[in-house]
Amino acid sequence: MKLSEGVTIVTGGGAGIGAGVSRRLLADGARVIAIARRPPEFAHERLSFVKADLADRKEAQDAALEIARREQILRIVHNSGVIRPALVEDATLEDLDYLTELHLGAMLTLVKAALPAMKAAKFGRIVGVSSRGALGLQTRTNYSATKAGMIGMLRSWALELGPHGITSNCVAPGPVESDMFHEIVPEGSERKAKLAEAIPVKRIGVPDDVAHAVAFFLAPDAGFITGQTLYVCGGTSIGSVVI
């Protein structure tokens with residue numbers, strides 16, 4: 001099944017890591033539909049946009065059903081995410097609800113909408129963008145929980161959907177240059193320099209690093225790889241890192 005067949009949904013596909021993934025897939029010949037709250041920061045003849053806040057259950061369902069009615073969805077990259085950092089004593093159930101809906105609920109909604117087309121084609125690719133934070137990180141109680149939950153969901157789907165030619169995998173980035181990253185670690189700060197020095201490869205990641213891993217899992221000839229989590233983290237998943 002060529003990358004040009006069907007469409008690929010990339011949530012949060014217009015900025016940061018999502019933009020890097022979208023650009024890579026477009027360069028490889030895919031038709032990409034970006035779902036996000038804001039339009040992409042770039043244009044391409046094979047890139048379209050659906051506006052939705054994926055933390056809102058109804059908006060997520062409406063977007064998923066709208067796309068499924070008019071397109072053959074064969075690939076999903078669920079990249080949308082936020083951090084909402086807080087020490088455990090300041091972590092809120094409201095934030096947990098929000099992140100659960102965004103990181104897990106939206107992915108489930110999109111996959112359910114796409115499954116009829118994937119099963120009919122006997123082909124599908126599902127990639128969740130989790131985080132190195134799923135292994136645990138200070139101030140990430142709710143974020144780590146939902147990003148770890150994403151790994152569990154995708155492993156379960158690998159078992160259920162493998163017989164239908166549908167693979168489910170996860171990419172877990174470490175520190176990567178993006179607006180979300182710079183909200184926590186300011187650009188040009190001493191903190192950023194110290195963080196880069198603490199990473200085994202001695203640099204902060206860039207969106208293209210993650211896009212390369214996503215493209216690997218989406219490839220037509222990656223059908224014997226499922227239920228896996230690939231850490232794209234410069235080696236930070238091996239030891240501890242303080243962000």
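Residues numbered from 1 in each chain as written. Predicted model: local features only at pLDDT ≥ 70, side-chain atom pairs only at ≥ 80, totals over all residues. Heavy atoms only, no water.

Caption draft 1: Structural context of the overall build of the protein chain. The helix and strand inventory of the protein chain stands at seven helices and seven strands. Listing the helices and strands of the protein chain from first to last along the sequence gives β-α-β-β-α-β-α-β-α-β-α-α-α-β. Relative to the globule expectation of 18 Å for 243 residues, the C-alpha radius of gyration of the protein chain, 17 Å, shows essentially globular dimensions. Overall size of the protein chain, expressed as C-alpha extent along the three principal axes, is 50 × 35 × 35 Å. By residue count, 51% of the 243 residues in the protein chain fall in the buried class. For the protein chain, long-range pairs separated by at least 24 residues make up 70% of all intrachain contacts whose partners lie at least 6 apart in sequence. As displayed, the protein chain has an accessible area near 11,200 Å², and 54% of this comes from carbon and sulfur atoms. (Helix = DSSP H or I, 4+ residues; strand = E, 2+ residues; numbered from the N terminus. Rg over C-alpha atoms; globule rule 2.2 N^0.38 Å. Buried < 20%, exposed > 50% of the residue type's maximum accessible area, 1.4 Å probe, protein only. Contact = heavy atoms within 4.5 Å. Areas by Shrake-Rupley, 256 points an atom, 1.4 Å probe, with all protein chains shown as cover.)

Caption draft 2: Focus on the environment of Asp209. With respect to the helices and strands, the residue Asp209 is situated in helix H7 (residues 207-218). According to the relative accessible area criterion, Asp209 is partly exposed, its value standing at 24%. With 189 residues separating them in the primary sequence, Asp209 and Gly20 have C-alpha atoms 8.7 Å apart. Beyond its immediate sequence surroundings of up to four residues, Asp209 is in contact with Arg203 and Val232.

Caption draft 3: Quick peek at the sheet that holds strand S1 (residues 7-11). Reading across from one edge, S3-S2-S1-S4-S5-S6-S7 is the order of the seven strands in this open sheet, with parallel pairing throughout. Across the chains shown, the open sheet's two edge strands, defined by having one partner strand only, are strand S3 (47-51) and strand S7 (229-232). Between one strand and the next, the sheet's axes are offset by a mean angle of 20 degrees, whatever the strand orientation. The pairing of strand S2 (residues 32-36) with S3 spans five bridges and is parallel. Paired with Ile33 across the bridge in S3 is Ser48. Against the sheet, helix H2 (residues 57-70) makes contact with S1, S2, S3 and strand S4 (73-78), and its axis sits at roughly 140 degrees relative to S3, the strand it touches most. Together, S4, strand S5 (124-129), strand S6 (166-173) and S7 form the strand contacts of helix H4 (residues 141-161), whose direction differs from that of S6 by roughly 160 degrees. (Pairing = 2+ DSSP bridges. Axes fitted to C-alpha atoms, helices over the stretch in contact; angles between N-to-C directions.)

Caption draft 4: Quick peek at the pattern of salt bridges. All chains considered together, the criterion is met by 12 salt bridges. Residues Arg24 and Asp28 are paired through a salt bridge, measuring 2.9 Å at the closest nitrogen-oxygen approach. By relative accessible area, which is 29% here, Arg24 ends up partly exposed. For Asp28, a relative accessible area of 38% puts it in the partly exposed group. For Arg84, the salt bridge identified is with Asp95, shortest N-O distance 2.9 Å. Here Arg84, found in the loop between S4 and helix H3 (93-121), pairs with Asp95, found in helix H3; they are 11 residues apart in sequence, far enough to count as distant. On the basis of relative accessible area, Arg84 is assigned to the partly exposed category, the value being 35%. Through salt bridges that share partners, Arg31, Glu66, Arg70 and Glu71 make up one connected network. (Salt bridge = Lys/Arg side-chain N within 4 Å of Asp/Glu carboxyl O.)

Caption draft 5: Local environment of the state of the cysteines. Under the criterion given, the structure shown has zero disulfides. Looking at Cys170, it has no disulfide partner, and the nearest cysteine sulfur is the one in Cys233, 12 Å off. The exposure class assigned to Cys170 is buried, which follows from its relative accessible area of 1%. What makes Cys233 buried here is its relative accessible area of 7%. (Disulfide = S-S within 2.5 Å.)

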